[in-house]
Amino acid sequence: MSGSELLDRVSGAQGREIFEPATGELLGLAPQHTIDDLERAVAQAGSAQPAWDALGHADRSARLLRIADRIDDWAEPLARLLAREQGKPLNGPNARFEVGACSAWLRATAATVLDEEVIEDGAQVSTLTYRPIGIVAAVGPWNWPLMISIWQIAPSLRMGNAVVVKPSEFTPLSVLALISLMNEDLPPGVLTALSGDRDLGARLVSHPAVRKVMFTGSTATGRKIVEASGANLARLTLELGGNDAGIVLPDADPEKIAQDLFWGAFINTGQTCAALKRLYVHESRHDQVVEALAAIAAKMPMGPSLAEESVLGPVQNAMQFGIVAGLVEDARERGATIVTGGAPATELGPLFYPITLVTGLHDGDPLVDEEQFGPVLPIIAYTEVDDAVASANRLDVGLGASVWGSDEQRTRAVADRLEAGTVWINSHGGVNPMVPFGGVKGSGYGLEFGVEGLKSVAVPKIVTRASS
Ligand code: NAD
């Protein structure tokens, strides 16, 4: 199976043209769903949800497991379609990895149990259970379109909700293919995907029948969704932008940590919310870390998405490419040193930008303060650990952060001072379906994954009985 059979399912005779980032070729046409389609999807979701709830947890979990098996059966065509549409290569922590994460998350979500809590005080007994919210709107970005959709959909379905999904307008086809496969094991109306642009997303999240919005995307859009929730009072889980800092302590071994630093920053060619986006390195280790990262960058093949040897791919779209290239140009004009990369890799295609390591920048410079979301990493030397911690904490975002060093107590003490939803020690960006994940400050609020993730797509209900 090559991926074209899935493409044939979802690409229409007319609609929005979707181009392959790696080649610039037309991949297919994504349907442009209308407001009428939206109204129909929401009405069907409302009709289907009570019976879906009534099925119970065991039955719903069994369906999630069947869906996981189906995704495994279709893993290669899905990965190929994803690679062509999103741009990420098949190998490395990319398309095949992303599809594998989808089935892994479905299985973990099916296995997670949210127990009722009993609170007794002698005079009364109260039971706290979690009921479905109703209709969940799931709005996602273009960087990990399948995995993030599953992160939003799996717990929502598990808890008995119906879901209407609005994928990014840059990557609708792979998400539509995923939803089409999922629907083979679901009752009609429980899960619908609507393909369209930001206006359709805005209409969906503000719909009066939507009770919960799972949103992953930029902080700017997150703010608009908060405003919209003033009308329908939808509960929100907001996974927004980040500008994750890493701090390399003086006792870190540059050679030992370089590979993990590299992938912490450049997973998905840097287009990852919780990737390392600013690296603060103690002055005594700075040059060694830069050299070790440059040596790894020189050996990592960047190339066409479907080439088996590629592990780094293009920037997904021209808008993001412009942001990345502009931030590097600005850094150059400020006198920064471009250690490696620094100019578009036009020989590979119009959206390829090489791994670019930049030194000599300071806090306040745009490449340090703004989210680059691409294959560029500023590396900043520091003298005092307190200053590095202050630098890491000074921005109004806090998705992830990391500390790198060999002393357990010291790394932990620094980790405790960092303002982020997750702080990794000697790694960056790894997520686990049983471990809660979410941001602080401008990176959003609400938790995904594990028991906390189930609670966030449910409403608590308390039943209190007087003790006899
Ligand atoms: P974006 O905010 O531009 O778009 C995300 C989605 O929101 C798209 O589907 C879009 O159509 C939709 N949308 C746009 N305006 C809307 C509105 N007013 N109401 C409802 N929906 C609307 O983000 P993007 O460019 O696709 O993604 C990149 C950003 O996402 C980066 O900042 C990145 O850090 C962040 N991100 C965060 C996480 C996380 O888990 N925190 C994960 C991936 C990406």
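These lines cover the structure that appears in this document, whether it is placed above or below.

The rules behind the values
- Residues numbered from 1 in each chain as written.
- Predicted model: local features only at pLDDT ≥ 70, side-chain atom pairs only at ≥ 80, totals over all residues.
- Heavy atoms only, no water.
- Phe/Tyr/Trp six-rings, centres within 6.5 Å; stacked < 30°, edge-to-face > 60°.
- Helix = DSSP H or I, 4+ residues; strand = E, 2+ residues; numbered from the N terminus.
- Buried < 20%, exposed > 50% of the residue type's maximum accessible area, 1.4 Å probe, protein only.
- Arc of directions from axis to C-beta.
- Contact = heavy atoms within 4.5 Å.
- Polar contact = N/O pair within 3.5 Å; in protein donor to acceptor, adjacent residues only side chain to side chain.
- Pairing = 2+ DSSP bridges.
- Axes fitted to C-alpha atoms, helices over the stretch in contact; angles between N-to-C directions.
- Parallel < 35°, antiparallel > 145°, perpendicular 65-115°, else oblique.
- Nonpolar A, V, L, I, M, F, W, Y, C, P; charged D, E, K, R; others polar.

### Here's the deal with the packing of aromatic side chains
- If you walk through the whole model with that rule in mind, you get 10 aromatic pairs.
- With 6.0 Å between their ring centres and 70° between their planes, Phe97 and Trp144 make a pair best called edge-to-face. Residue Phe97 is found in helix 5 (residues 95–111), and its partner Trp144 is found in the loop between strand 5 (135–139) and helix 6 (145–158); the two are separated by 47 residues along the sequence.
- Overall, Phe97 belongs to the partly exposed group, its relative accessible area being 42%.

### Topic: helix 8 (residues 198–205)
- Along helix 8, the positions that sit buried rather than exposed are Leu200, Gly201, Leu204 and Val205. On an axial view of helix 8, the arc spanned by its buried residues comes to 130°, and they lie on one face.
- Contacts made by the buried residues of helix 8 are with helix 2 (35–55), strand 5, strand 6 (162–166), strand 8 (210–216) and helix 9 (219–232).
- Structurally, the start of helix 8 carries an N-cap: the backbone nitrogen of Asp199 is 3.1 Å from a side-chain oxygen of Asp197.

### Some remarks on the sheet that holds strand 13 (residues 356–359)
- The sheet built from 7 strands is open, its strands ordered 12-13-14-11-10-16-17 with mixed pairing. One side of each edge strand has no neighbouring strand; the edge strands of this open sheet are strand 12 (337–340) and strand 17 (422–425). The mean inter-strand angle of the sheet, taken between neighbouring strand axes irrespective of direction, is 25°.

### Concerning the packing of helix 2 against helix 3 (residues 57–73)
- Here helix 2 crosses helix 3 at 100°, and the two axes come no closer than 5 Å. Classed by the angle they form, the pair helix 2 and helix 3 counts as roughly perpendicular. Taking contact as the criterion, the partners of Trp52, Asp53 and Leu55 in helix 2 are, on helix 3, His57, Asp59, Arg60 and Arg63.
- Its residues assigned to classes, the contact of helix 2 with helix 3 shows 2 nonpolar, 1 polar and 4 charged.

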